[in-house]
Amino acid sequence: MVNEKTMLSVNTPTEENDIFWMKHALSLADKAEAIGEVPVGACVVINGAVVGEGWNTPIRDHNPTAHAEIHAVTQAAKHIQNYRLIDATLYVTLEPCSMCAGMLIHARVKRVVFGAWDAKTGSAGSVMNLLQHPALNHQAEIVSGVLADECADKISAFFKKRRQEIKAAKKAKRAQQQD
């Protein structure tokens, strides 16, 4: 987890704070990429300090629920000894999916700040807006597009590299079969 030196002195949400914490979430996304996972990072901040953080690990863990948000919120809840994170802000590099959005509602996360939009599975406004569904007993404040280009570029570069690796492996296999 982040140490005391990385705490911001301002406890109120500001664009500067959102950028600061999104940069931290981007550094966590690098940890996912380093282990071959889709580079998504997340951190939970309460009163200007990180209380939980995580990055994608579903491939490594053989667990479809091992998303960055799940790891970060689980760690935060253990840290504060409460499954309700009513004063928390979650920073995540990619718009939460419906699984993560549902978990964020159950945890009563106050704010969700994300970087890149997810046109395929996004549940904070892209495909649906589960985080603010009026029929639910909690709605989270949403701030979208913080460092959106950096977040989207990181994911796009990852998938471009993965496609190139798959193409190269197929080419090598064909060459080997011809020998």
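The text that follows walks through the structure, step by step, so that each part is easy to find. Bear in mind that the values here come from a model prediction, so they are computed numbers and not experimental data. (Residues numbered from 1 in each chain as written. Predicted model: local features only at pLDDT ≥ 70, side-chain atom pairs only at ≥ 80, totals over all residues. Heavy atoms only, no water.)

**Overview of helix α5 (residues 148-178)**
Note the cut-off: The way it works is that DSSP assigns letters per residue, a run of H or I at least four long becomes a helix, a run of E at least two long becomes a strand, and they are numbered from the N terminus. Multiplying one less than the number of residues by 1.5 Å gives the expected span of a helix. Only protein chains enter the accessibility calculation, which uses a 1.4 Å probe; a residue whose area is less than 20% of its type maximum is buried, one above 50% is exposed, and one in between is partly exposed. Any two residues whose heavy atoms approach within 4.5 Å at even a single point are treated as in contact.
With 31 residues, α5 extends 45 Å from end C-alpha to end C-alpha; this agrees with the ideal 45 Å at 1.5 Å per step. Every buried residue of α5 is accounted for by Cys151, Lys154, Ile155 and Phe158. Next to the buried residues of α5 lie α1 (15-34), β3 (89-94) and β4 (111-116).

**With respect to the nonpolar core**
Our working definition: What we call a nonpolar core is a set of buried Ala, Val, Leu, Ile, Met, Phe, Trp, Tyr and Cys residues that are connected through their side-chain atoms within 4.5 Å.
Within the largest apolar cluster, 44 residues are counted, with the highest numbers of intra-cluster contacts made by Val44, Val73, Leu85, Leu90, Leu104 and Leu131. Apart from residues lying up to four places away in sequence, leucine 85 is in contact with Val44, Val73, Ala76, Ala77, Ile80, Ala107, Arg108, Val109 and Lys110.

**Examining the packing of α1 against α5**
We apply this condition: Axis definition: a line fit to C-alpha positions, over the contact stretch in the case of helices; interaxial angles, taken between N-to-C directions, run 0 to 180 degrees. Geometric relationships in this document are graded by angle, where less than 35 degrees denotes roughly parallel, more than 145 denotes roughly antiparallel, 65 to 115 denotes roughly perpendicular, and other angles denote oblique. When residues are grouped by polarity, Ala, Val, Leu, Ile, Met, Phe, Trp, Tyr, Cys and Pro land in nonpolar, Asp, Glu, Lys and Arg in charged, and all others, Gly among them, in polar.
Orientation of α1 relative to α5, taken along the N-to-C sense of each, is 10 degrees, at an axis distance of 11 Å. On the basis of the axis angle, α1 is roughly parallel to α5. Along the contact surface, α1 presents Met22, Leu26, Ala29, Asp30 and Glu33, while α5 presents Glu150, Cys151, Lys154 and Phe158. Across the contact of α1 with α5, the residue classes break down as 5 nonpolar, no polar and 4 charged.

**Quick word on the side chain of aspartate 118**
For clarity, the threshold we go by: For this count, His and the chain ends are skipped, Lys and Arg are scored as positive, and Asp and Glu as negative. Salt bridges are counted wherever a side-chain nitrogen of Lys or Arg sits within 4 Å of a carboxyl oxygen of Asp or Glu. Pairs of N or O atoms within 3.5 Å make up the polar contacts considered here, provided that, within protein, one atom can donate a hydrogen while the other can accept it, and that residues adjacent in sequence are counted only when both atoms are side-chain atoms.
Relative to the helices and strands, aspartate 118 resides in the loop between β4 and β5 (141-143). Lysine 120 provides the closest opposite charge to the buried, salt-bridge-free aspartate 118, at an N-O distance of 7.2 Å. Of the polar contacts made by the side chain of aspartate 118, one reaches the side chain of threonine 121; its length is 2.7 Å. Each residue touching aspartate 118, except ones within four places of it in the same chain, is listed here: Leu94, Glu95, Ser126 and Val127.

**Thoughts on the packing of helix α3 (residues 68-80) against helix α4 (residues 98-106)**
Our working rule: In a left-handed crossing the near helix is turned counterclockwise from the far helix by less than a right angle, and in a right-handed crossing that turn is clockwise.
Running from N to C, α3 and α4 point in directions that differ by 20 degrees, and their axes come no closer than 9 Å. Judged by the inter-axis angle, α3 sits roughly parallel to α4. For the element pair α3 and α4, the recorded crossing hand is left-handed. Residues Glu69, Ile70 and Val73 of α3 pack against Met99, Cys100, Met103 and Leu104 of α4. Counted by class, the contact of α3 with α4 contains 6 nonpolar, no polar and 1 charged residues.

**Regarding the sheet that holds β5**
This is how it is decided: At least two bridges found by DSSP between two strands is the condition for calling them paired.
Spatial ordering of the open sheet is given by β2-β1-β3-β4-β5, a layout of 5 strands whose pairing is mixed. Of all the strands in the sheet, the pair left with one neighbour each is β2 (49-55) and β5. Adjacent strand axes in the sheet meet at a mean angle of 20 degrees, parallel and antiparallel pairs treated alike. Bridge analysis of strand β1 (residues 41-46) against β3 gives 4 bridges, and the strand direction is antiparallel.

**Points about α3**
Its 13 residues give α3 an end-to-end C-alpha distance of 18 Å, which sits within 8% of 18 Å, the value for a rise of 1.5 Å per residue. What α3 keeps buried is the set Ala68, Glu69, Ile70, Ala72, Val73, Ala76 and Ala77. In this fold, the buried residues of α3 make contact with β1, β2, β3 and α4. Following α3 by one or two positions, glutamine 81 adopts a phi angle in the positive range, close to 60 degrees.

**Details of the layout of surface pockets**
As a reminder, the rule being used: Of the grid points, spaced at 1 Å and generated over the protein atoms alone, those admitting a 1.4 Å probe that cannot get out make up cavities, while open sets with protein on both sides within 12 Å along at least five of seven lines make up pockets; any residue with an atom within 4 Å of a point is treated as lining. Grid points are joined across faces, edges and corners, and a volume is the space filled by probe spheres set on the points.
Considered as a void within the structure, the largest pocket measures approximately 460 Å³ in volume. For the largest pocket, the lining is made up of 21 residues, of which Val38, Leu94, Asp118, Thr121 and Ile155 are closest to its centre. If one sorts the elements of the lining of the largest pocket by residue count, α5 sits on top with 4 residues. Along the lines of polarity and charge, the residues of the lining of the largest pocket split into 12 nonpolar, 4 polar and 5 charged.

**Some thoughts on the pattern of salt bridges**
Following the criterion strictly, the structure yields 4 salt bridges and no others. As a salt-bridge pair, arginine 111 and aspartate 18 come within 3.0 Å of each other at their nearest N and O atoms. Here arginine 111, found in strand β4, pairs with aspartate 18, found in helix α1; they are 93 residues apart in sequence, far enough to count as distant. For the pair formed by arginine 111 and aspartate 18, the shared burial category is buried. With a closest N to O distance of 3.5 Å, glutamate 141 and arginine 111 form a salt bridge. Here the residue glutamate 141 occupies a position in strand β5, and arginine 111 occupies one in strand β4, the gap between them amounting to 30 residues.

Scope: geometric values only; no functional claims are made or implied.
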